[in-house]
Amino acid sequence: MRAGLRKISMWIACLGLLSGCRSGPGSNATPAAVTGQANDVVGHWQGADEGRWVEMTEKGTLAIVNGGEALVGSYTSRGADIHPQFHALNSTKRSRSAGLWKLHLDKGTLQVTGPGQKMSEYRRSEPDPALKDSPLLGRWEWTRKGTHNVNSFEFTPWGRFVAVRWLHPKREVKGGGDLEEIREAGTYNIEGQNLSMSTFRRKK
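Residues numbered from 1 in each chain as written. Predicted model: local features only at pLDDT ≥ 70, side-chain atom pairs only at ≥ 80, totals over all residues. Heavy atoms only, no water.

*Asks:* So what about the overall build of the protein chain? Which residues, and what values?
*Replies:* Along the protein chain, the regular secondary structure elements total 1 helix and 14 strands. Nonlocal contacts in the protein chain, meaning residues at least 24 apart in sequence, comprise 52% of its contacts between residues at least 6 apart. Total accessible area on the protein chain stands at roughly 11800 Å², and carbon and sulfur atoms take up 51% of it. (Helix = DSSP H or I, 4+ residues; strand = E, 2+ residues; numbered from the N terminus. Contact = heavy atoms within 4.5 Å. Areas by Shrake-Rupley, 256 points an atom, 1.4 Å probe, with all protein chains shown as cover.)

Spelled out as structure tokens, the structure:
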């Protein structure tokens, strides 16, 4: 599988179009890992090198980034065990990766075992102080006119984001056609009114 690293720049003002589209009550709340609540898994977990990390959000979204490729899904946790859930793109069917990933917390270290049964360890990172009061934090959702697929961008105080978007494929089907699902995760940086993002995707 090949994945693309893409750089995107946009005006934060453009996200003003999403005002009122933030999902659910308390979606801009400080993550549980920061407030010291019971959920110890929320946060950014950094691997041995910059290109390996795991993001778990308070909304139950999970991103595993490794080697320039992002695997995006959801998770539930019980005790020290985290249970990831992945689906094939453009489908509700479980992906081939489903059931092959295991995540476990051990004394503050996140242990991640992948499909090859190789276990890697990740350490929790501190939130970026510059993002503490950013109005961008939280999950933003919208639905394209004439469709029912929910698009979302979720920005975390660790300078990471996870997104699910539905776009028209590059090769349009005559007379219309289904939208293409894109799942991505990456880093973001705010400079004045500019939002810059480097994003990783997992293709088919």
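Picking up after the structure, the text goes on.
*Asks:* Tell me about the nonpolar core, and please be specific about residues and values.
*Replies:* With 18 residues, the main nonpolar core has Val54, Met56, Leu62, Ile82, Leu103 and Leu110 as its most contacted residues. Sorting the residues of this core by element identifies strand S3 (52-56), strand S4 (61-66), strand S5 (69-78), strand S7 (102-106) and strand S8 (109-113) as the ones contributing at least two each. When neighbours within four sequence positions are excluded, Leu62 is seen to be in contact with Val54, Glu55, Met56, Leu71, Val72, Gly73, Ser74, Tyr75, Pro84, Phe86 and Leu103. Residues Leu136, Phe161, Tyr188 and Leu195 belong to the second largest nonpolar core, which totals 11 residues. (Core = buried A, V, L, I, M, F, W, Y, C linked by side-chain atoms within 4.5 Å. Buried < 20%, exposed > 50% of the residue type's maximum accessible area, 1.4 Å probe, protein only.)

*Asks:* Talk me through the side chain of Asn151; I want residue IDs and the actual numbers.
*Replies:* Here Asn151 is to be found in strand S11 (residues 150-155). A distance of 3.5 Å separates the side chain of Asn151 from the backbone oxygen of Asn149, its partner in a polar contact. Filtering out sequence-adjacent residues up to four positions away, Asn151 remains in contact with Trp140, Glu141, Trp142, Thr143, Arg144, Val164, Arg165 and Trp166. (Polar contact = N/O pair within 3.5 Å; in protein donor to acceptor, adjacent residues only side chain to side chain.)

*Asks:* Kindly report on the environment of His168, identifying the contributing residues and their values.
*Replies:* By the secondary structure assignment, His168 is in the loop between strand S12 (160-167) and strand S13 (180-191). A C-alpha to C-alpha distance of 5.9 Å links His168 and Glu180, two positions 12 residues apart in sequence.

*Asks:* I'd like a description of the confidence of the model for the protein chain, backed by residues and values.
*Replies:* For residues with low pLDDT, the predicted coordinates do not support detailed interpretation. Taken as a whole, the protein chain shows an average pLDDT of 79; of its residues, 71% reach a score of 70 or greater. When the criterion is pLDDT under 50, residues 9-14 qualifies, and its contacts beyond four places in sequence or with other chains add up to 13 contacts. A low-confidence stretch, residues 16-20 (pLDDT under 50), is modelled with 3 contacts involving residues beyond four sequence positions or located in other chains. (pLDDT = per-residue confidence, 0-100.)

*Asks:* Account for unusual backbone geometry, with residues named and values stated.
*Replies:* The phi dihedral of Lys107 is positive, around 55 degrees, even though this residue is not glycine. Relative to the assigned elements, Lys107 resides in the loop between S7 and S8. By relative accessible area, which is 82% here, Lys107 ends up exposed. Of note, Gln117 is a non-glycine position whose phi angle comes to about 65 degrees, a positive value.

*Asks:* So what's going on with the sheet that holds S3? Residues and values would help.
*Replies:* With respect to topology, 8 strands assemble into a closed barrel ordered S2-S3-S4-S5-S6-S7-S8-S9, the strand pairing being antiparallel. Adjacent strand axes in the sheet meet at a mean angle of 30 degrees, parallel and antiparallel pairs treated alike. Looking at chain direction, S5 and strand S6 (residues 81-85) are connected through 5 bridges and run antiparallel. Residue pairing in the sheet places Arg78 in a bridge with Asp81 of S6. (Pairing = 2+ DSSP bridges. Axes fitted to C-alpha atoms, helices over the stretch in contact; angles between N-to-C directions.)

*Asks:* Can you break down the layout of surface pockets residue by residue, with the values?
*Replies:* Roughly 370 Å³ of internal volume is contained in the largest pocket. For the largest pocket, the lining is made up of 20 residues, of which Val72, Gly73, Ser74, Val164 and Arg183 are closest to its centre. Those elements that place two or more of their residues in the lining of the largest pocket are S5, strand S10 (138-143), S11, S12 and S13. Here the lining of the largest pocket is composed, by residue class, of 6 nonpolar, 9 polar and 5 charged. (1 Å grid on protein atoms, 1.4 Å probe; cavity = no way out; pocket = protein on both sides within 12 Å on 5 of 7 lines; lining within 4 Å. Points joined across faces, edges and corners; volume = space filled by probe spheres on them. Nonpolar A, V, L, I, M, F, W, Y, C, P; charged D, E, K, R; others polar.)

*Asks:* Give a description of the packing of aromatic side chains that names residues and reports values.
*Replies:* Per the stated rule, a full pass over the model turns up 5 aromatic pairs. Between the aromatic rings of Trp142 and Phe153, the centroid separation amounts to 6.1 Å while the plane-to-plane angle is 10 degrees, which identifies the pairing as stacked. With a gap of 11 residues between them, Trp142 in strand S10 and Phe153 in strand S11 connect regions that are remote in the sequence. Centre to centre, the rings of Phe153 and Phe161 are 5.8 Å apart; their planes meet at 45 degrees, and the pair counts as tilted. Take Phe153: its relative accessible area is 9%, and that puts it in the buried class. (Phe/Tyr/Trp six-rings, centres within 6.5 Å; stacked < 30°, edge-to-face > 60°.)

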